[in-house]
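# Close look at the chain arrangement
As a plain string of letters, each chain reads:
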Amino acid sequence: MNSRSNTFYQQLQSAWASQGSMLCVGFDPDPKRLPPSLQDKPEGIFEFCREIADASADLVCSFKPQFAYFASQRAEAQLEKLIRHLKDKYPHIPVILDSKRGDIGSTADHYALEAFERYGADAITVNPYMGFDTIEPYLKHTGKGVIVLCRTSNPGGSDLQFLNVSPSGEPLYLHVAKLAATQWNNSGQIGLVVGATFPEEIAKVRAIVGDMPLLIPGIGAQGGDIEATVKAGAVAGKPGTGMIINSSRAILYASSGVDFAQAARAVALNTRDALRAAS
Ligand SMILES: O=c1ccn([C@@H]2O[C@H](COP(=O)(O)O)[C@@H](O)[C@H]2O)c(=O)[nH]1
């Protein structure tokens, strides 16, 4: 049975409808690119992200902190504080922790606890390379979203994801999409990552997975085409849903001056409107 009530999936449905947006603002706080006034502050990373979140919260369906940017700076406490701030102030906006975990089940149990209990995220990104038993531990956290890498936005993604894995010549990424749709999603918790840099592949994945949520990075700094992305990922008969379209650096670093949050808002607003116009 596919039970999706009061879940990440349902939070997303509400956010798509109430916010009228498929934009996800990603938090990739690079210390070298923070405004000078925040670079040496003890909680500069938190303050930078919080100000941009507060300036853009009415424009998004989701927020996506990228774990590595916090961990590399020994800023896990600031990540915890940021997610707590987001959940307290914007409980209607789901938070996706982008950490692309993937390990044997006993270790995955702990990655799941870290994401959902320590950080309080609503969803996590995971790597399917080690198979379903490494994804299952996250699914035990009822209602949490588990977003599986399928067709990533980077050029090297083709090295493995385009390999033919069946006599009919099916590439690996479509095999992952089929497994996700037919075997892994009994609880309605699964979503897929598909890059905006490859709209043709987004359309092929959408044809397999129905209305499954797609997390789509690659617009903005990576140059993905917004209109082609939105057309390719559309869910039949449901415009404005089905996609969580992420932009990080183009929004975060719109200005390095004191106006950084307002400049981030301006780019987020343009991006939200471009996504709407393409729907
Ligand atoms: O295929 C993927 C999967 C994840 N990402 C992540 O999304 C953001 C993209 O940042 P931009 O600055 O908007 O390019 C980043 O956190 C990546 O780790 C991805 O780009 N591609």
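An unreviewed UniProt entry lists the chain under the name Orotidine 5'-phosphate decarboxylase, with Polynucleobacter tropicus as the source organism. What the UniProt record of the chain gives under Pathway (unreviewed entry) is the line "Pyrimidine metabolism; UMP biosynthesis via de novo pathway; UMP from orotate: step 2/2." The UniProt entry for the chain carries this comment under Sequence similarities (unreviewed entry): "Belongs to the OMP decarboxylase family. Type 2 subfamily."

Leu23, Ala121, Val148, Cys150, Leu192 and Ile245 are the most contacted members of the largest nonpolar core, which totals 82 residues. No other element matches helix α3 (residues 44–56), which puts seven residues into this core. The residues touching Cys150, leaving out its near neighbours within four places in the chain, are Tyr173, Val176, Ala177, Leu192, Val193, Val194 and Val205.

Around the ligand, the structure places 18 residues, and the nearest of them are Thr152, Ser153, Pro217, Ser248 and Arg249. Its residues assigned to classes, the shell around the ligand shows three nonpolar, 12 polar and three charged.

Right, let's get into the sheet that holds strand β3 (residues 96–101). Strand order in the open sheet formed by eight strands is β2-β1-β8-β7-β6-β5-β4-β3, and the pairing between neighbours is parallel. The open sheet is flanked by β2 (62–65) and β3, the only strands paired with a single partner. Taking the axes of each pair of neighbouring strands and ignoring which way they run, one obtains an average angle of 30° across the sheet. Relative to strand β7 (residues 214–216), strand β6 (residues 190–194) runs parallel, the two being bridged by two bridges. Opposite Val193, over in β7, you have Leu215 as the bridge partner. With respect to the sheet, helix α10 (residues 199–209) is in contact with β5 (145–151), β6 and β7, its orientation differing from that of β6 by roughly 165°.

With numbering aligned to this structure, UniProt lists the feature "active site" (unreviewed entry) at Lys100. Note that Lys100 resides in strand β3. Judged by C-beta crowding, with 17 C-beta atoms within 10 Å, Lys100 ranks as partly exposed. With near-sequence residues (within four places) excluded, Lys100 lies in contact with Thr125, Val126, Asn127 and Leu149.

Attention shifts here to the pairing of strand β4 (residues 123–126). Taking every second residue as pointing to the same face, both faces of β4 are buried, with Ala123 and Thr125 on one and Ile124 and Val126 on the other. Pairing of β3 with β4 involves three bridges; the strand directions are parallel. Looking at the pairing, Leu97 lines up with Ile124 of β4. Taken together, β3, helix α6 (residues 105–118) and β4 constitute a β-α-β crossover, and its handedness is right-handed. Here four bridges tie β4 to β5, and the two strands are oriented parallel to one another. Counted as the bridge partner of Ile124 is Val146 from β5.

Turning to the environment of Gln161, a few remarks are in order. Tracing the sequence through the fold places Gln161 in helix α8 (residues 158–161). Under the C-beta neighbour-count criterion, Gln161 is labelled buried, with 20 such atoms within 10 Å. Between the alpha carbons of Gln161 and Leu149 there is a distance of 9.8 Å; along the sequence they are 12 residues apart. In contact with Gln161, not counting residues within four places along its chain, are Arg151, Thr152, Pro171, Leu172 and Tyr173.

Looking only at helix α11 (residues 226–233), the buried set comprises Thr229, Val230, Ala232 and Gly233. Down the axis of α11, the buried side of the element spans an arc of 165°, and every buried residue falls inside it. Contacts made by the buried residues of α11 are with α10, β7, β8 (243–247) and α13 (260–278).

Turning our eyes to something else, we now look at the environment of Ile208. Looking at the element boundaries, Ile208 is found in helix α10. The class for Ile208 is partly exposed, based on 18 C-beta atoms found within 10 Å. In the structure, Ile208 is positioned 182 residues away from Gly26 in sequence and 27 Å away in space, judged by C-alpha atoms. Every residue in contact with Ile208, bar those within four places of it in the chain, is listed here: Leu174, Ala177, Lys178 and Ala181.

Here is what the cut-offs are and how they apply
Residues numbered from 1 in each chain as written. Predicted model: local features only at pLDDT ≥ 70, side-chain atom pairs only at ≥ 80, totals over all residues. UniProt positions renumbered as here; feature names shortened; annotations may be inferred. Core = buried A, V, L, I, M, F, W, Y, C linked by C-beta atoms within 7 Å. Buried ≥ 20, exposed ≤ 12 C-beta atoms within 10 Å, placed from the backbone. Helix = DSSP H or I, 4+ residues; strand = E, 2+ residues; numbered from the N terminus. Contact = placed C-beta atoms within 7 Å. Near = placed C-beta within 6 Å. Nonpolar A, V, L, I, M, F, W, Y, C, P; charged D, E, K, R; others polar. Pairing = 2+ DSSP bridges. Axes fitted to C-alpha atoms, helices over the stretch in contact; angles between N-to-C directions. Right-handed = clockwise from strand over helix to strand, strands pointing away. Arc of directions from axis to C-beta.

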